Amino acid sequence: MSKTLSGKTILLGVSGGIAAYKAATLCSRLVSLGASVRVMMTEGATRFITPLTLQTLTRHPVATDVFDEKDASIVQHIDWADSADLAVVAPATANLIAKLANGLADDMVSTTLLATTAPLLIAPAMNVHMWEHPAVIDNVNKLASRGAIFVEPGTGQLACGYVGKGRLAEPDEIVEAIVSMLVGPKPLSGKKVLVTAGGTVERIDPVRYITNDSSGKMGFAIAEAARDRGADVTLICGKTEAAPPHGVNVVKIDSASQMHEAVMERLPGIDIVVKAAAVADYRPLHQAALKMKKTEEDLSLVLVRNPDILQAVGEWKFAQPDPDKLFVIGFAAETNDVEKYAMDKLRRKKCDLIVANNVADADNGFGTDTNVVSVYGPQGLIEHVPQMAKRAVAERLLDIAQERIG
(Lines give C-alpha, C1' and ligand atoms only; values in the text may rest on other atoms or scores of the structure.)
Protein backbone atom coordinates (compact mmCIF):
# COMPACT_ATOMS: atom_id res chain seq x y z
CA MET A 1 0.00 0.00 0.00
CA SER A 2 1.29 3.46 -0.91
CA LYS A 3 2.63 5.41 2.06
CA THR A 4 0.37 8.40 1.41
CA LEU A 5 0.64 9.60 5.04
CA SER A 6 4.41 9.37 5.29
CA GLY A 7 5.78 12.13 7.50
CA LYS A 8 2.39 12.90 9.07
CA THR A 9 1.80 12.69 12.83
CA ILE A 10 -1.73 11.77 13.84
CA LEU A 11 -2.98 12.20 17.39
CA LEU A 12 -5.67 9.59 18.07
CA GLY A 13 -7.98 9.95 21.05
CA VAL A 14 -9.92 6.84 22.02
CA SER A 15 -12.84 7.20 24.42
CA GLY A 16 -14.84 4.64 26.37
CA GLY A 17 -17.39 2.93 24.17
CA ILE A 18 -17.73 -0.60 22.87
CA ALA A 19 -16.50 0.65 19.48
CA ALA A 20 -13.07 1.31 21.04
CA TYR A 21 -11.99 -2.09 19.71
CA LYS A 22 -12.10 -0.62 16.18
CA ALA A 23 -9.24 1.71 17.16
CA ALA A 24 -6.90 -1.27 16.65
CA THR A 25 -7.88 -1.60 12.98
CA LEU A 26 -7.73 2.18 12.55
CA CYS A 27 -4.20 2.30 13.98
CA SER A 28 -3.09 -0.58 11.78
CA ARG A 29 -4.43 1.11 8.64
CA LEU A 30 -2.80 4.46 9.46
CA VAL A 31 0.57 2.92 10.27
CA SER A 32 0.48 0.96 7.00
CA LEU A 33 0.02 4.29 5.20
CA GLY A 34 3.19 5.63 6.80
CA ALA A 35 1.67 7.77 9.55
CA SER A 36 3.18 8.20 13.00
CA VAL A 37 0.24 7.55 15.33
CA ARG A 38 0.21 8.72 18.96
CA VAL A 39 -2.68 7.22 20.91
CA MET A 40 -4.35 8.70 23.98
CA MET A 41 -7.02 6.80 25.88
CA THR A 42 -9.62 7.72 28.44
CA GLU A 43 -9.94 5.49 31.50
CA GLY A 44 -13.16 4.09 30.06
CA ALA A 45 -11.46 3.18 26.80
CA THR A 46 -8.92 1.02 28.65
CA ARG A 47 -11.82 -1.12 29.90
CA PHE A 48 -12.63 -2.14 26.31
CA ILE A 49 -9.16 -2.44 24.74
CA THR A 50 -5.75 -2.51 26.38
CA PRO A 51 -3.15 0.22 25.87
CA LEU A 52 -0.63 -2.54 25.11
CA THR A 53 -2.61 -3.53 22.00
CA LEU A 54 -2.48 -0.03 20.55
CA GLN A 55 1.12 0.46 21.65
CA THR A 56 2.12 -2.68 19.78
CA LEU A 57 0.31 -1.59 16.63
CA THR A 58 1.65 1.98 16.62
CA ARG A 59 5.12 1.27 18.08
CA HIS A 60 4.67 4.28 20.35
CA PRO A 61 3.76 4.51 24.05
CA VAL A 62 0.06 5.06 24.73
CA ALA A 63 -0.89 7.95 27.03
CA THR A 64 -3.64 7.38 29.60
CA ASP A 65 -2.76 9.71 32.48
CA VAL A 66 -1.92 13.40 32.20
CA PHE A 67 0.16 13.13 35.38
CA ASP A 68 2.24 10.18 34.17
CA GLU A 69 5.19 12.18 32.83
CA LYS A 70 7.90 9.82 31.60
CA ASP A 71 10.30 12.46 30.23
CA ALA A 72 11.20 15.32 32.56
CA SER A 73 12.43 17.46 29.66
CA ILE A 74 8.94 17.88 28.17
CA VAL A 75 5.30 18.20 29.17
CA GLN A 76 3.85 15.24 27.30
CA HIS A 77 0.36 16.52 26.46
CA ILE A 78 1.79 19.82 25.17
CA ASP A 79 4.52 18.06 23.19
CA TRP A 80 1.99 15.73 21.58
CA ALA A 81 -0.45 18.58 20.93
CA ASP A 82 2.25 20.62 19.18
CA SER A 83 3.54 17.73 17.07
CA ALA A 84 0.19 16.72 15.55
CA ASP A 85 -0.69 17.32 11.91
CA LEU A 86 -4.21 16.08 12.66
CA ALA A 87 -6.14 15.18 15.79
CA VAL A 88 -8.68 12.35 15.51
CA VAL A 89 -11.20 11.12 18.06
CA ALA A 90 -12.55 7.62 17.33
CA PRO A 91 -14.77 6.60 18.90
CA ALA A 92 -16.04 9.87 20.35
CA THR A 93 -18.63 9.38 23.07
CA ALA A 94 -21.31 11.92 23.95
CA ASN A 95 -19.33 12.70 27.10
CA LEU A 96 -16.09 13.48 25.25
CA ILE A 97 -17.92 15.53 22.61
CA ALA A 98 -19.46 17.59 25.44
CA LYS A 99 -16.02 18.14 26.98
CA LEU A 100 -14.53 19.31 23.69
CA ALA A 101 -17.47 21.61 22.96
CA ASN A 102 -17.28 23.27 26.35
CA GLY A 103 -13.52 23.41 26.92
CA LEU A 104 -13.32 20.87 29.76
CA ALA A 105 -9.92 19.26 30.34
CA ASP A 106 -9.95 16.62 33.06
CA ASP A 107 -8.03 13.73 31.50
CA MET A 108 -5.23 13.09 29.00
CA VAL A 109 -7.46 13.08 25.92
CA SER A 110 -9.48 16.22 26.63
CA THR A 111 -6.46 18.14 27.93
CA THR A 112 -4.32 17.36 24.89
CA LEU A 113 -7.11 18.13 22.44
CA LEU A 114 -7.72 21.46 24.13
CA ALA A 115 -4.02 22.30 23.71
CA THR A 116 -3.62 21.37 20.05
CA THR A 117 -4.08 23.74 17.12
CA ALA A 118 -4.20 20.88 14.61
CA PRO A 119 -7.37 20.25 12.59
CA LEU A 120 -9.84 18.01 14.41
CA LEU A 121 -11.69 14.99 12.99
CA ILE A 122 -14.39 13.41 15.16
CA ALA A 123 -16.03 10.01 14.64
CA PRO A 124 -18.95 9.73 17.10
CA ALA A 125 -20.37 6.46 18.43
CA MET A 126 -23.31 6.19 20.81
CA ASN A 127 -26.90 5.04 21.26
CA VAL A 128 -29.29 6.43 18.64
CA HIS A 129 -31.32 8.39 21.23
CA MET A 130 -28.13 9.92 22.62
CA TRP A 131 -27.04 10.95 19.10
CA GLU A 132 -30.42 12.63 18.54
CA HIS A 133 -30.54 14.37 21.95
CA PRO A 134 -30.69 18.19 21.67
CA ALA A 135 -27.67 18.57 23.96
CA VAL A 136 -25.55 16.35 21.73
CA ILE A 137 -26.81 18.12 18.60
CA ASP A 138 -25.88 21.49 20.14
CA ASN A 139 -22.40 20.27 21.04
CA VAL A 140 -21.82 18.82 17.57
CA ASN A 141 -22.95 22.08 15.95
CA LYS A 142 -20.72 24.07 18.29
CA LEU A 143 -17.66 22.01 17.34
CA ALA A 144 -18.53 22.10 13.64
CA SER A 145 -18.83 25.89 13.80
CA ARG A 146 -15.23 25.96 15.07
CA GLY A 147 -14.03 23.91 12.13
CA ALA A 148 -14.19 20.34 13.46
CA ILE A 149 -14.97 17.76 10.77
CA PHE A 150 -17.30 14.85 11.59
CA VAL A 151 -17.37 11.35 10.15
CA GLU A 152 -21.02 10.71 10.91
CA PRO A 153 -22.03 7.45 12.59
CA GLY A 154 -23.61 4.73 10.52
CA THR A 155 -27.01 3.10 10.85
CA GLY A 156 -27.25 -0.49 12.00
CA GLN A 157 -27.39 -2.83 14.97
CA LEU A 158 -26.02 -1.10 18.08
CA ALA A 159 -24.42 -2.80 21.07
CA CYS A 160 -27.33 -1.72 23.26
CA GLY A 161 -29.76 -3.69 21.11
CA TYR A 162 -31.29 -0.78 19.22
CA VAL A 163 -31.16 -0.50 15.47
CA GLY A 164 -30.49 3.08 14.36
CA LYS A 165 -27.90 5.75 13.73
CA GLY A 166 -25.01 5.78 16.18
CA ARG A 167 -22.62 3.04 15.14
CA LEU A 168 -19.01 4.15 14.67
CA ALA A 169 -18.06 4.64 11.04
CA GLU A 170 -15.93 1.81 9.68
CA PRO A 171 -12.14 2.27 10.06
CA ASP A 172 -11.64 2.47 6.28
CA GLU A 173 -14.16 5.31 6.09
CA ILE A 174 -12.33 7.18 8.86
CA VAL A 175 -8.98 6.57 7.13
CA GLU A 176 -10.43 7.95 3.88
CA ALA A 177 -11.48 11.14 5.72
CA ILE A 178 -8.02 11.43 7.31
CA VAL A 179 -6.23 11.03 3.98
CA SER A 180 -8.57 13.58 2.41
CA MET A 181 -7.84 16.13 5.15
CA LEU A 182 -4.07 15.65 5.12
CA VAL A 183 -3.12 14.88 1.54
CA GLY A 184 -6.40 14.73 -0.35
CA PRO A 185 -7.30 16.71 -3.43
CA LYS A 186 -7.34 20.48 -2.94
CA PRO A 187 -9.93 21.65 -5.46
CA LEU A 188 -9.18 25.34 -4.87
CA SER A 189 -5.39 24.96 -4.98
CA GLY A 190 -3.95 27.87 -6.96
CA LYS A 191 -7.13 29.90 -6.60
CA LYS A 192 -7.29 33.25 -4.83
CA VAL A 193 -10.44 33.79 -2.78
CA LEU A 194 -11.52 37.06 -1.21
CA VAL A 195 -14.09 36.88 1.62
CA THR A 196 -15.70 39.75 3.52
CA ALA A 197 -17.16 39.14 6.98
CA GLY A 198 -18.70 40.89 9.95
CA GLY A 199 -20.44 44.21 10.32
CA THR A 200 -19.17 47.69 9.56
CA VAL A 201 -18.95 50.56 12.04
CA GLU A 202 -20.13 54.02 11.01
CA ARG A 203 -18.96 56.59 13.56
CA ILE A 204 -21.20 59.32 14.93
CA ASP A 205 -18.56 60.53 17.37
CA PRO A 206 -15.58 58.87 19.15
CA VAL A 207 -17.85 56.79 21.43
CA ARG A 208 -21.00 56.18 19.36
CA TYR A 209 -21.59 54.44 16.06
CA ILE A 210 -24.14 52.77 13.79
CA THR A 211 -23.69 49.05 13.17
CA ASN A 212 -25.64 45.78 12.93
CA ASP A 213 -25.83 42.36 14.59
CA SER A 214 -23.48 40.50 12.25
CA SER A 215 -21.02 38.26 14.12
CA GLY A 216 -18.81 37.37 11.15
CA LYS A 217 -19.28 33.64 11.80
CA MET A 218 -20.59 32.83 8.32
CA GLY A 219 -17.77 34.68 6.58
CA PHE A 220 -15.19 33.07 8.86
CA ALA A 221 -16.62 29.60 8.08
CA ILE A 222 -16.34 30.28 4.34
CA ALA A 223 -12.76 31.52 4.72
CA GLU A 224 -11.82 28.38 6.69
CA ALA A 225 -13.49 26.05 4.18
CA ALA A 226 -11.74 27.76 1.24
CA ARG A 227 -8.42 27.61 3.08
CA ASP A 228 -8.83 23.89 3.72
CA ARG A 229 -9.56 23.36 0.01
CA GLY A 230 -6.17 24.83 -0.83
CA ALA A 231 -7.12 28.41 -1.70
CA ASP A 232 -5.04 31.49 -0.96
CA VAL A 233 -7.64 33.34 1.13
CA THR A 234 -7.86 37.04 1.91
CA LEU A 235 -10.37 37.83 4.65
CA ILE A 236 -11.53 41.44 4.97
CA CYS A 237 -13.47 41.78 8.19
CA GLY A 238 -15.12 44.48 10.22
CA LYS A 239 -16.70 44.11 13.66
CA THR A 240 -16.83 40.44 14.63
CA GLU A 241 -17.46 38.35 17.75
CA ALA A 242 -14.54 35.94 17.43
CA ALA A 243 -10.94 36.00 16.31
CA PRO A 244 -10.40 35.42 12.56
CA PRO A 245 -9.33 31.91 11.51
CA HIS A 246 -5.66 31.00 11.19
CA GLY A 247 -3.97 30.49 7.85
CA VAL A 248 -5.69 33.30 5.95
CA ASN A 249 -4.61 36.85 5.10
CA VAL A 250 -6.61 39.07 7.44
CA VAL A 251 -7.37 42.72 6.67
CA LYS A 252 -9.17 44.54 9.49
CA ILE A 253 -11.37 47.50 8.67
CA ASP A 254 -14.02 49.56 10.46
CA SER A 255 -16.28 51.38 8.03
CA ALA A 256 -18.01 50.53 4.76
CA SER A 257 -15.78 53.01 2.94
CA GLN A 258 -12.68 51.27 4.28
CA MET A 259 -14.05 47.86 3.26
CA HIS A 260 -14.88 49.19 -0.22
CA GLU A 261 -11.33 50.44 -0.65
CA ALA A 262 -9.79 47.23 0.70
CA VAL A 263 -11.89 45.05 -1.60
CA MET A 264 -11.45 47.05 -4.79
CA GLU A 265 -7.67 47.38 -4.52
CA ARG A 266 -7.33 43.60 -4.11
CA LEU A 267 -9.66 42.49 -6.92
CA PRO A 268 -6.99 42.08 -9.64
CA GLY A 269 -5.88 38.45 -9.56
CA ILE A 270 -8.80 37.25 -7.42
CA ASP A 271 -10.73 34.21 -8.72
CA ILE A 272 -13.67 34.10 -6.28
CA VAL A 273 -15.29 36.85 -4.22
CA VAL A 274 -17.64 35.90 -1.39
CA LYS A 275 -19.26 38.99 0.06
CA ALA A 276 -20.67 37.74 3.36
CA ALA A 277 -20.17 40.96 5.33
CA ALA A 278 -23.18 42.94 6.55
CA VAL A 279 -22.27 46.40 5.32
CA ALA A 280 -24.11 49.50 6.57
CA ASP A 281 -26.07 51.11 3.76
CA TYR A 282 -25.75 54.57 5.31
CA ARG A 283 -23.28 56.58 7.40
CA PRO A 284 -23.60 59.90 9.24
CA LEU A 285 -22.88 62.88 7.01
CA HIS A 286 -20.84 64.47 9.78
CA GLN A 287 -18.68 62.68 12.37
CA ALA A 288 -18.03 64.72 15.49
CA ALA A 289 -14.37 64.92 16.51
CA LEU A 290 -15.34 65.04 20.20
CA LYS A 291 -18.03 63.28 22.20
CA MET A 292 -21.39 64.93 21.55
CA LYS A 293 -23.13 66.33 24.63
CA LYS A 294 -26.82 66.30 25.34
CA THR A 295 -28.31 69.66 24.41
CA GLU A 296 -31.89 69.09 23.24
CA GLU A 297 -34.60 66.51 23.78
CA ASP A 298 -34.30 65.36 20.16
CA LEU A 299 -31.32 64.73 17.97
CA SER A 300 -31.44 64.42 14.20
CA LEU A 301 -28.74 62.67 12.19
CA VAL A 302 -28.30 63.21 8.48
CA LEU A 303 -27.29 59.95 6.82
CA VAL A 304 -25.73 59.52 3.40
CA ARG A 305 -25.35 56.42 1.25
CA ASN A 306 -22.29 54.24 1.61
CA PRO A 307 -20.62 52.79 -1.48
CA ASP A 308 -22.30 49.58 -2.64
CA ILE A 309 -19.39 47.13 -2.53
CA LEU A 310 -21.13 44.16 -4.15
CA GLN A 311 -22.39 46.28 -7.03
CA ALA A 312 -18.94 47.79 -7.49
CA VAL A 313 -17.44 44.29 -7.67
CA GLY A 314 -20.01 43.23 -10.26
CA GLU A 315 -19.38 46.31 -12.39
CA TRP A 316 -15.61 45.79 -12.14
CA LYS A 317 -16.04 42.18 -13.23
CA PHE A 318 -17.94 43.05 -16.40
CA ALA A 319 -15.50 45.81 -17.27
CA GLN A 320 -12.73 43.19 -17.63
CA PRO A 321 -11.77 41.56 -20.95
CA ASP A 322 -12.82 38.15 -19.56
CA PRO A 323 -15.59 38.59 -16.96
CA ASP A 324 -15.82 34.81 -16.41
CA LYS A 325 -12.43 34.82 -14.66
CA LEU A 326 -14.09 36.26 -11.52
CA PHE A 327 -16.88 34.35 -9.76
CA VAL A 328 -18.97 36.55 -7.45
CA ILE A 329 -21.10 35.28 -4.56
CA GLY A 330 -23.27 37.74 -2.69
CA PHE A 331 -25.39 37.40 0.44
CA ALA A 332 -28.90 38.69 1.01
CA ALA A 333 -30.11 38.93 4.60
CA GLU A 334 -33.87 39.46 4.41
CA THR A 335 -36.87 39.44 6.73
CA ASN A 336 -39.60 38.89 4.12
CA ASP A 337 -40.10 38.02 0.44
CA VAL A 338 -36.68 36.38 0.49
CA GLU A 339 -36.71 34.93 -3.03
CA LYS A 340 -38.03 38.12 -4.63
CA TYR A 341 -35.37 40.33 -3.06
CA ALA A 342 -32.59 37.78 -3.59
CA MET A 343 -33.22 37.45 -7.32
CA ASP A 344 -33.51 41.22 -7.70
CA LYS A 345 -30.18 41.66 -5.91
CA LEU A 346 -28.47 39.00 -8.03
CA ARG A 347 -29.53 40.68 -11.28
CA ARG A 348 -28.87 44.27 -10.24
CA LYS A 349 -25.46 43.54 -8.79
CA LYS A 350 -24.32 41.11 -11.50
CA CYS A 351 -23.60 38.20 -9.14
CA ASP A 352 -23.09 34.59 -10.14
CA LEU A 353 -24.76 33.34 -6.96
CA ILE A 354 -26.80 34.89 -4.16
CA VAL A 355 -27.04 33.20 -0.78
CA ALA A 356 -30.24 34.32 0.92
CA ASN A 357 -31.42 33.77 4.47
CA ASN A 358 -34.23 35.02 6.65
CA VAL A 359 -32.59 36.80 9.58
CA ALA A 360 -35.96 37.14 11.31
CA ASP A 361 -35.56 33.49 12.30
CA ALA A 362 -33.90 33.58 15.72
CA ASP A 363 -32.05 30.29 15.19
CA ASN A 364 -30.54 31.12 11.83
CA GLY A 365 -29.80 34.82 11.73
CA PHE A 366 -26.96 36.94 12.99
CA GLY A 367 -24.77 35.59 15.79
CA THR A 368 -25.93 31.97 15.65
CA ASP A 369 -23.78 28.89 15.01
CA THR A 370 -26.23 27.48 12.46
CA ASN A 371 -27.82 28.78 9.30
CA VAL A 372 -30.57 27.98 6.83
CA VAL A 373 -29.95 29.41 3.36
CA SER A 374 -31.27 29.29 -0.17
CA VAL A 375 -28.78 29.56 -3.03
CA TYR A 376 -29.93 31.31 -6.21
CA GLY A 377 -28.38 31.60 -9.65
CA PRO A 378 -29.48 33.57 -12.72
CA GLN A 379 -32.18 30.97 -13.49
CA GLY A 380 -33.58 30.92 -9.96
CA LEU A 381 -33.32 28.63 -6.95
CA ILE A 382 -30.40 26.18 -7.12
CA GLU A 383 -30.65 24.57 -3.71
CA HIS A 384 -32.27 25.07 -0.33
CA VAL A 385 -29.72 24.21 2.37
CA PRO A 386 -31.48 23.09 5.58
CA GLN A 387 -30.38 24.06 9.08
CA MET A 388 -26.82 23.00 9.76
CA ALA A 389 -23.61 24.38 11.24
CA LYS A 390 -22.28 27.41 9.38
CA ARG A 391 -19.11 25.51 8.48
CA ALA A 392 -21.25 22.83 6.83
CA VAL A 393 -23.20 25.53 4.98
CA ALA A 394 -19.88 26.99 3.81
CA GLU A 395 -18.75 23.61 2.48
CA ARG A 396 -21.99 23.16 0.53
CA LEU A 397 -21.77 26.69 -0.86
CA LEU A 398 -18.22 26.07 -2.12
CA ASP A 399 -19.36 22.75 -3.64
CA ILE A 400 -22.02 24.61 -5.64
CA ALA A 401 -19.55 27.30 -6.69
CA GLN A 402 -16.95 24.73 -7.80
CA GLU A 403 -19.57 22.86 -9.87
CA ARG A 404 -20.37 26.10 -11.69
CA ILE A 405 -16.79 27.24 -12.11
CA GLY A 406 -15.78 23.82 -13.48
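What counts, and at which threshold
Numbering of residues starts from 1 in each chain and follows the order in which that chain's sequence is written. Selection of residues for local features in this predicted model requires a pLDDT of at least 70, selection of side-chain atom pairs for listing and counting requires 80 or more, and totals for whole chains, interfaces and linings are taken over all residues. Hydrogen atoms and water are omitted, and side-chain values are computed over all heavy atoms in the structure. What counts as a salt bridge is simple: a side-chain nitrogen of Lys or Arg found within 4 Å of a carboxyl oxygen of Asp or Glu. Relative accessible area decides the class of each residue, using a 1.4 Å probe on protein chains only: under 20% of the type maximum gives buried, over 50% gives exposed, and in between gives partly exposed. Strands are labelled as partners when DSSP assigns at least two bridges between them. In DSSP terms, a helix is any run of H or I states spanning at least four residues, a strand is any run of E spanning at least two, and both are numbered starting from the N terminus. Comment: axis = line fitted to C-alpha atoms, over the contacting stretch for helices; angle = value between 0 and 180 degrees taken between N-to-C directions. Here a residue-residue contact requires only that any non-hydrogen atoms of the pair lie within 4.5 Å. Counted as a polar contact is a pair of N or O atoms within 3.5 Å, where, for protein atoms, one must be capable of donating a hydrogen and the other of accepting one, and residues adjacent in sequence contribute only when both atoms are in side chains. Patch rule: a residue counts if its relative accessible area is over 30% and it has no salt bridge; like charges are joined within 9 Å, and nonpolar side chains (Val, Leu, Ile, Met, Phe, Trp, Tyr) within 5 Å. Areas reported as accessible are Shrake-Rupley estimates using a 1.4 Å probe. Residue values count occlusion only from the protein chains shown. The pairing test for Phe, Tyr and Trp rings, Trp by its six-membered ring, is centres within 6.5 Å, and the orientation test on the planes gives stacked under 30 degrees, edge-to-face over 60, and tilted for anything in between. As a reminder, the over-ring test applies to NZ of lysine and CZ of arginine, requiring each to be within 6 Å of the ring centre and within 35 degrees of the ring normal. Start and end positions for the domains come from either an automated domain assignment or a database one. Buried area: the accessible area, evaluated with a 1.4 Å probe, that two parts lose upon being put together, summed over both parts. Note on residue categories: nonpolar means Ala, Val, Leu, Ile, Met, Phe, Trp, Tyr, Cys or Pro, charged means Asp, Glu, Lys or Arg, and polar means any other residue, Gly included. We define the nonpolar core as a collection of buried residues of types Ala, Val, Leu, Ile, Met, Phe, Trp, Tyr and Cys that are connected through side-chain atoms lying within 4.5 Å of one another. In this scheme, roughly parallel covers angles under 35 degrees and roughly antiparallel covers those over 145, while 65 to 115 is roughly perpendicular and the rest are oblique. In this scheme, a crossing is called left-handed if the near helix is turned counterclockwise away from the far one by less than a right angle; it is called right-handed if the turn is clockwise.

Participant: Lay out the pattern of salt bridges with the relevant residues and their values.
Facilitator: Taken as a whole and judged by the stated rule, the model has 20 salt bridges. Ionic pairing is found between Arg227 and Asp228, a salt bridge with its closest N-O pair at 2.9 Å. A relative accessible area of 34% means that Asp228 is categorised as partly exposed. The network of salt bridges with common partners includes Glu224, Arg227, Asp228, Arg229, Glu383, Arg391, Glu395, Arg396, Asp399 and Glu403.

Participant: Describe the sheet that holds strand β19 (residues 380–389), listing the residues and the values that go with them.
Facilitator: Sheet architecture is open: 8 strands sit in the order β12-β11-β8-β13-β16-β17-β18-β19, paired in mixed fashion. Two strands bound the open sheet, and with one partner strand each, they are β12 (249–252) and β19. Neighbour-to-neighbour, the strand axes of the sheet open up by a mean angle of 15 degrees, direction not taken into account. Docked against the sheet, helix α10 (residues 256–266) engages β8 (192–197), β11 (232–237) and β12, running at close to 160 degrees with respect to β11. Where helix α12 (residues 338–348) meets the sheet, it contacts β16 (327–334), β17 (353–358), β18 (370–377) and β19, and its direction lies at approximately 150 degrees from that of β17.

Participant: Quick rundown of the pairing of β18? Include the residues and the values.
Facilitator: Extensive coverage of β18 is indicated by the burial of 7 of its 8 residues. Strand direction decides the pairing type here: β17 and β18, joined by 3 bridges, are antiparallel. Bridge pairing in β18 places Ile354 opposite Tyr376. Bridge count for β18 against β19 is 7 bridges, and the pairing is antiparallel. Paired with Tyr376 across the strands is Leu381, a residue of β19. Connecting β18 to the next strand, β19, in antiparallel fashion are 2 residues.

Participant: Summarise the environment of Thr111; cite the residues concerned and give the values.
Facilitator: Residue position: Thr111 is located in helix α5 (residues 108–115). Judged by relative accessible area, Thr111 falls into the buried class, the value being 15%. Residues Thr111 and Ala81 lie 30 residues apart in sequence; the distance between their C-alpha atoms is 9.2 Å. Thr111 has contacts with Val66, His77, Ala105 and Asp106, leaving out every residue within four places of it along the chain. From its side chain, Thr111 meets the backbone oxygen of Asp107 in a polar contact 2.7 Å long.

Participant: How would you explain a nonpolar patch on the surface if you had to name every residue and give the values?
Facilitator: Taken together, the side chains of Tyr282, Leu299, Leu301 and Leu303 present a nonpolar region at the surface, about 390 Å² in accessible area. Note on placement: Leu299 falls in the loop between β14 (282–284) and β15 (303–305). For Leu299, a relative accessible area of 62% corresponds to the exposed category.

Participant: An account of the sheet that holds strand β5 (residues 149–150) is needed here, citing residue identities and associated values.
Facilitator: Ordered by their spatial adjacency, 5 strands build an open sheet running β2-β1-β3-β4-β5, and the pairing between neighbours is parallel. Two strands close off the open sheet at either side, each with one partner strand: β2 (36–41) and β5. Of the pairings in the sheet, the one linking strand β4 (residues 120–124) to β5 comprises 2 bridges and is parallel in character. Paired with Ile122 across the two strands is Phe150, which belongs to β5.

Participant: Report on the packing of aromatic side chains, specifying residues and quantitative values.
Facilitator: Taken as a whole, this structure holds 0 aromatic pairs when the rule is applied. Taking NZ or CZ as reference, Arg305 lies 5.8 Å from the ring centre of Tyr282, over its face.

Participant: Help me get a handle on the domain arrangement of the chain, residues and values and all.
Facilitator: Reports of interface size often rely on the accessible area that becomes lost once the parts have come together. What the domain assignment lists for the chain is domain 1 (9–183) and domain 2 (192–403). Placing the centre of domain 1 and that of domain 2 at their C-alpha centroids yields a distance of 36 Å. Together domain 1 and domain 2 conceal approximately 490 Å² of surface at their shared face, both sides included; 58% is due to carbon and sulfur atoms. When the buried area of domain 1 at its contact with domain 2 is split by residue, Asn141, Ala144 and Ser145 rank highest and sum to 62% of it. If you look at where domain 1 meets domain 2, you find 0 salt bridges. Summed over the shared surface of domain 1 and domain 2, the number is 0 residue pairs in polar contact (both at pLDDT 80 or more). Of the residues belonging to the side of domain 1 that touches domain 2, the class tally is 2 nonpolar, 3 polar and 1 charged.

Participant: Tell me about the nonpolar core, and name the residues and values.
Facilitator: In this structure, Leu54, Ile174 and Ile178 are the most contacted members of the largest nonpolar core, which totals 35 residues. For this core, the secondary-structure elements that each account for two or more residues are β1 (9–14), α1 (22–32), β2, β3 (86–92), β4 and α8 (171–183). Here the element with the most residues in this core is α1; it accounts for 6 residues. Those residues in contact with Ile178 that lie beyond four places of it in its chain are Leu5, Ile10, Leu26, Leu30, Leu86, Val88 and Leu121. Phe220, Cys237, Val375 and Ala401 belong to the second-largest nonpolar core, a separate cluster that totals 33 residues.

Participant: Just give me the short version of the packing of helix α9 (residues 217–228) against helix α13 (residues 390–405), but keep the residues and values in it.
Facilitator: Helix-helix packing is described using two parameters, namely the angle between the two axes and the distance between the axes. Between α9 and α13, whose axes approach to 8 Å, the crossing angle comes to 55 degrees. On the basis of the axis angle, α9 is oblique to α13. Judged by the twist between their axes, the crossing of α9 over α13 is right-handed. In this structure, α9 uses Lys217, Met218, Ala221, Ile222, Glu224, Ala225, Ala226 and Asp228 to contact α13, whose residues at the interface are Lys390, Arg391, Val393, Ala394, Glu395, Leu397 and Leu398.

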